[in-house]
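Chain residues, written in single-letter form:
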Amino acid sequence: DTGVSQDPRHKITKRGQNVTFRCDPISEHNRLYWYRQTLGQGPEFLTYFQNEAQLEKSRLLSDRFSAERPKGSFSTLEIQRTEQGDSAMYLCASSLQQAYYGYTFGSGTRLTVV
Amino acid sequence: GQQLNQSPQSMFIQEGEDVSMNCTSSSIFNTWLWYKQDPGEGPVLLIALYKAGELTSNGRLTAQFGITRKDSFLNISASIPSDVGIYFCAGQNNYGQNFVFGPGTRLSVLP
(Lines give C-alpha, C1' and ligand atoms only; values in the text may rest on other atoms or scores of the structure.)
Protein backbone atom coordinates (compact mmCIF):
# COMPACT_ATOMS: atom_id res chain seq x y z
CA ASP A 1 0.00 0.00 0.00
CA THR A 2 1.41 3.36 -1.02
CA GLY A 3 -0.73 5.52 1.23
CA VAL A 4 -3.26 8.11 0.09
CA SER A 5 -2.78 9.25 -3.51
CA GLN A 6 -4.10 12.48 -4.99
CA ASP A 7 -4.17 13.53 -8.60
CA PRO A 8 -3.25 15.96 -10.00
CA ARG A 9 -0.67 17.49 -7.65
CA HIS A 10 -1.12 20.92 -9.22
CA LYS A 11 -3.90 22.45 -11.29
CA ILE A 12 -4.06 25.90 -12.82
CA THR A 13 -7.41 26.86 -14.28
CA LYS A 14 -9.14 29.93 -15.59
CA ARG A 15 -11.97 31.43 -13.61
CA GLY A 16 -15.28 29.91 -14.61
CA GLN A 17 -13.86 26.53 -15.64
CA ASN A 18 -14.74 23.25 -13.94
CA VAL A 19 -12.09 21.12 -12.27
CA THR A 20 -12.09 17.60 -10.85
CA PHE A 21 -9.66 16.06 -8.40
CA ARG A 22 -9.20 12.41 -7.57
CA CYS A 23 -8.25 10.70 -4.32
CA ASP A 24 -7.32 7.06 -3.81
CA PRO A 25 -7.40 6.19 -0.10
CA ILE A 26 -5.57 3.45 1.78
CA SER A 27 -7.39 0.32 0.64
CA GLU A 28 -8.60 -0.93 4.01
CA HIS A 29 -9.81 2.50 5.17
CA ASN A 30 -13.57 2.88 4.91
CA ARG A 31 -13.62 6.61 5.71
CA LEU A 32 -12.49 9.28 3.28
CA TYR A 33 -12.29 12.99 3.99
CA TRP A 34 -11.80 16.15 1.95
CA TYR A 35 -10.21 19.18 3.56
CA ARG A 36 -9.25 22.56 2.13
CA GLN A 37 -6.20 24.49 3.27
CA THR A 38 -5.48 28.10 2.40
CA LEU A 39 -2.13 29.79 2.92
CA GLY A 40 -1.23 30.20 6.57
CA GLN A 41 -4.21 28.22 7.82
CA GLY A 42 -4.86 24.75 9.06
CA PRO A 43 -6.95 22.24 7.10
CA GLU A 44 -10.68 23.01 7.07
CA PHE A 45 -13.20 20.18 6.84
CA LEU A 46 -15.28 19.97 3.66
CA THR A 47 -16.96 16.57 3.63
CA TYR A 48 -16.48 12.90 4.43
CA PHE A 49 -17.65 9.49 3.26
CA GLN A 50 -18.10 6.24 5.05
CA ASN A 51 -17.83 3.69 2.30
CA GLU A 52 -19.92 5.16 -0.53
CA ALA A 53 -22.21 7.25 1.70
CA GLN A 54 -21.52 10.95 2.08
CA LEU A 55 -22.30 11.48 5.76
CA GLU A 56 -21.48 15.11 6.41
CA LYS A 57 -20.89 18.28 4.43
CA SER A 58 -19.47 21.52 5.78
CA ARG A 59 -21.18 24.81 5.03
CA LEU A 60 -17.91 25.66 3.27
CA LEU A 61 -19.00 23.25 0.57
CA SER A 62 -21.09 25.55 -1.62
CA ASP A 63 -23.42 24.21 -4.30
CA ARG A 64 -20.58 24.59 -6.82
CA PHE A 65 -18.76 21.76 -5.05
CA SER A 66 -19.70 18.11 -5.35
CA ALA A 67 -17.95 15.01 -4.09
CA GLU A 68 -18.55 11.38 -4.90
CA ARG A 69 -17.24 8.03 -3.83
CA PRO A 70 -19.19 5.75 -6.14
CA LYS A 71 -17.97 2.32 -5.07
CA GLY A 72 -16.56 3.13 -1.69
CA SER A 73 -13.02 3.21 -3.02
CA PHE A 74 -11.65 6.30 -4.79
CA SER A 75 -13.34 9.68 -4.52
CA THR A 76 -13.64 12.72 -6.77
CA LEU A 77 -14.14 16.35 -5.81
CA GLU A 78 -15.52 18.61 -8.53
CA ILE A 79 -15.65 22.38 -8.45
CA GLN A 80 -17.88 24.03 -11.03
CA ARG A 81 -17.50 27.60 -12.26
CA THR A 82 -14.30 28.12 -10.31
CA GLU A 83 -13.66 31.44 -8.59
CA GLN A 84 -10.38 32.97 -7.47
CA GLY A 85 -11.38 32.31 -3.87
CA ASP A 86 -11.29 28.60 -4.62
CA SER A 87 -7.50 28.75 -4.92
CA ALA A 88 -6.19 26.50 -2.15
CA MET A 89 -4.65 23.14 -1.36
CA TYR A 90 -7.28 20.40 -1.41
CA LEU A 91 -6.31 17.58 0.91
CA CYS A 92 -7.77 14.10 0.97
CA ALA A 93 -7.40 11.84 3.98
CA SER A 94 -8.58 8.38 4.93
CA SER A 95 -9.05 6.45 8.13
CA LEU A 96 -10.54 3.37 9.65
CA GLN A 97 -13.97 3.87 11.16
CA GLN A 98 -13.95 6.12 14.26
CA ALA A 99 -10.57 7.49 13.13
CA TYR A 100 -9.07 6.33 16.43
CA TYR A 101 -5.57 6.51 15.01
CA GLY A 102 -6.20 9.79 13.21
CA TYR A 103 -6.16 10.46 9.51
CA THR A 104 -3.60 9.64 6.85
CA PHE A 105 -3.36 12.53 4.43
CA GLY A 106 -2.41 12.58 0.80
CA SER A 107 0.03 15.12 -0.62
CA GLY A 108 -2.81 17.35 -1.76
CA THR A 109 -3.85 19.05 -4.98
CA ARG A 110 -2.79 22.68 -5.25
CA LEU A 111 -5.46 24.62 -7.21
CA THR A 112 -4.72 28.04 -8.64
CA VAL A 113 -7.58 29.93 -10.29
CA VAL A 114 -6.42 32.75 -12.56
CA GLY B 1 -17.98 26.34 15.28
CA GLN B 2 -15.14 24.90 17.28
CA GLN B 3 -11.82 26.66 17.04
CA LEU B 4 -8.35 25.76 18.13
CA ASN B 5 -5.65 28.29 18.88
CA GLN B 6 -1.96 27.53 18.56
CA SER B 7 0.88 29.40 20.18
CA PRO B 8 3.28 30.66 19.11
CA GLN B 9 2.24 31.41 15.54
CA SER B 10 5.86 31.10 14.44
CA MET B 11 9.24 30.62 16.04
CA PHE B 12 12.88 30.81 15.08
CA ILE B 13 15.32 28.73 17.08
CA GLN B 14 18.94 27.67 16.92
CA GLU B 15 19.77 24.11 15.99
CA GLY B 16 20.12 22.05 19.16
CA GLU B 17 17.60 24.07 21.18
CA ASP B 18 14.43 22.63 22.66
CA VAL B 19 11.04 23.79 21.40
CA SER B 20 7.66 24.06 23.12
CA MET B 21 4.34 24.87 21.52
CA ASN B 22 0.74 24.56 22.64
CA CYS B 23 -2.80 24.26 21.43
CA THR B 24 -5.89 25.47 23.28
CA SER B 25 -9.61 25.15 22.80
CA SER B 26 -12.79 26.39 24.41
CA SER B 27 -14.23 22.89 24.00
CA ILE B 28 -13.31 19.61 25.64
CA PHE B 29 -11.72 17.03 23.38
CA ASN B 30 -11.39 13.27 23.77
CA THR B 31 -8.51 12.91 21.34
CA TRP B 32 -5.63 15.17 20.39
CA LEU B 33 -3.37 14.70 17.40
CA TRP B 34 -0.18 16.48 16.39
CA TYR B 35 0.79 16.67 12.72
CA LYS B 36 3.78 18.12 10.85
CA GLN B 37 3.49 19.54 7.35
CA ASP B 38 6.38 20.17 4.99
CA PRO B 39 5.97 22.69 2.15
CA GLY B 40 3.82 21.36 -0.67
CA GLU B 41 2.96 18.15 1.17
CA GLY B 42 0.09 16.85 3.25
CA PRO B 43 0.29 16.73 7.06
CA VAL B 44 1.97 13.69 8.60
CA LEU B 45 0.83 12.33 11.96
CA LEU B 46 3.41 12.63 14.73
CA ILE B 47 1.65 11.74 17.97
CA ALA B 48 -1.86 10.78 19.09
CA LEU B 49 -3.18 11.34 22.65
CA TYR B 50 -6.29 9.70 24.09
CA LYS B 51 -6.45 10.41 27.82
CA ALA B 52 -6.26 13.51 29.99
CA GLY B 53 -2.80 13.86 31.50
CA GLU B 54 -1.29 11.38 29.05
CA LEU B 55 2.33 11.99 28.05
CA THR B 56 3.50 10.31 24.86
CA SER B 57 6.87 10.38 23.13
CA ASN B 58 7.98 9.72 19.58
CA GLY B 59 11.75 10.02 19.38
CA ARG B 60 12.69 13.60 20.23
CA LEU B 61 9.03 14.63 20.31
CA THR B 62 6.90 14.56 23.45
CA ALA B 63 3.25 15.58 23.61
CA GLN B 64 0.85 15.91 26.51
CA PHE B 65 -2.92 15.80 26.76
CA GLY B 66 -3.86 18.64 29.12
CA ILE B 67 -5.63 17.82 32.39
CA THR B 68 -8.52 20.13 31.55
CA ARG B 69 -8.92 18.33 28.18
CA LYS B 70 -8.95 21.76 26.57
CA ASP B 71 -5.29 21.92 25.68
CA SER B 72 -2.30 19.97 24.47
CA PHE B 73 1.44 20.61 24.32
CA LEU B 74 4.21 19.50 22.00
CA ASN B 75 7.91 19.60 22.86
CA ILE B 76 10.80 18.92 20.52
CA SER B 77 14.18 18.34 22.09
CA ALA B 78 17.56 19.06 20.48
CA SER B 79 16.08 20.50 17.30
CA ILE B 80 17.66 19.68 13.93
CA PRO B 81 17.21 21.31 10.50
CA SER B 82 14.66 18.70 9.33
CA ASP B 83 12.32 19.78 12.14
CA VAL B 84 11.50 22.84 10.01
CA GLY B 85 7.85 22.89 9.03
CA ILE B 86 4.38 23.70 10.28
CA TYR B 87 3.04 21.84 13.28
CA PHE B 88 -0.73 21.42 13.57
CA CYS B 89 -2.80 20.21 16.47
CA ALA B 90 -6.15 18.58 15.84
CA GLY B 91 -8.89 17.73 18.31
CA GLN B 92 -11.86 15.40 18.25
CA ASN B 93 -14.89 15.76 20.56
CA ASN B 94 -16.27 12.27 20.28
CA TYR B 95 -14.97 9.15 18.64
CA GLY B 96 -16.10 9.06 15.05
CA GLN B 97 -16.51 12.80 14.72
CA ASN B 98 -14.33 14.86 12.46
CA PHE B 99 -11.11 16.39 13.69
CA VAL B 100 -10.80 20.16 13.95
CA PHE B 101 -7.38 21.58 13.10
CA GLY B 102 -5.55 24.55 14.60
CA PRO B 103 -3.90 27.26 12.44
CA GLY B 104 -0.43 25.84 12.99
CA THR B 105 2.93 26.85 14.46
CA ARG B 106 5.63 27.53 11.87
CA LEU B 107 9.05 26.39 13.08
CA SER B 108 12.31 27.60 11.58
CA VAL B 109 15.62 26.16 12.72
CA LEU B 110 18.73 28.27 12.24
CA PRO B 111 22.04 26.45 11.80
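For the structure given in this document, a descriptive report is provided here.

About the thresholds
Residues numbered from 1 in each chain as written. Chains lettered and ligands numbered in written order. Predicted model: local features only at pLDDT ≥ 70, side-chain atom pairs only at ≥ 80, totals over all residues. Heavy atoms only, no water. Pairing = 2+ DSSP bridges. Helix = DSSP H or I, 4+ residues; strand = E, 2+ residues; numbered from the N terminus. Axes fitted to C-alpha atoms, helices over the stretch in contact; angles between N-to-C directions. 1 Å grid on protein atoms, 1.4 Å probe; cavity = no way out; pocket = protein on both sides within 12 Å on 5 of 7 lines; lining within 4 Å. Points joined across faces, edges and corners; volume = space filled by probe spheres on them. Salt bridge = Lys/Arg side-chain N within 4 Å of Asp/Glu carboxyl O.

**Points about the sheet that holds strand S7 (residues 61–65) of chain B**
Residue and element names in this part refer to chain B.
Line of reasoning, step 1. Pairing is antiparallel across the open sheet formed by five strands, whose spatial order is S1-S3-S8-S7-S6. Bordering the open sheet on either side are strand S1 (4–7) and strand S6 (55–58), each of which pairs with just one other strand. Taken pair by pair, the neighbouring strands of this sheet meet at an average axis angle of 15°, ignoring direction.
Line of reasoning, step 2. Relative to strand S8 (residues 71–76), strand S3 (residues 19–25) runs antiparallel, the two being bridged by six bridges. The partner of Cys23 across the bridge, within S8, is Ser72.

**Comments concerning the layout of surface pockets**
Line of reasoning, step 1. Approximately 440 Å³ is the volume found for the second largest pocket.
Line of reasoning, step 2. Forming the walls of the second largest pocket are 24 residues, and the residues nearest its centre are Gln37 and Gly40 of chain A together with Gln37, Ile86 and Arg106 of chain B.
Line of reasoning, step 3. When contributions to the lining of the second largest pocket are tallied by element, the ones reaching two or more residues are strand S9 (85–92) and strand S11 (105–110) of chain B.
Line of reasoning, step 4. With four residues, the single largest contributor to the lining of the second largest pocket is S11 of chain B.

**Notes on the pattern of salt bridges**
Line of reasoning, step 1. Under the counting rule described, the total for this entry stands at six salt bridges over all chains.
Line of reasoning, step 2. Between Arg22 of chain A and Asp24 of chain A there is a salt bridge, with its nearest N and O atoms 2.7 Å apart.
Line of reasoning, step 3. Note that Asp38 of chain B is salt-bridged to Lys36 of chain B, the shortest N-O span being 2.7 Å.
Line of reasoning, step 4. One continuous salt-bridge network, built from bridges that share partners, spans Arg64, Glu83 and Asp86 of chain A.

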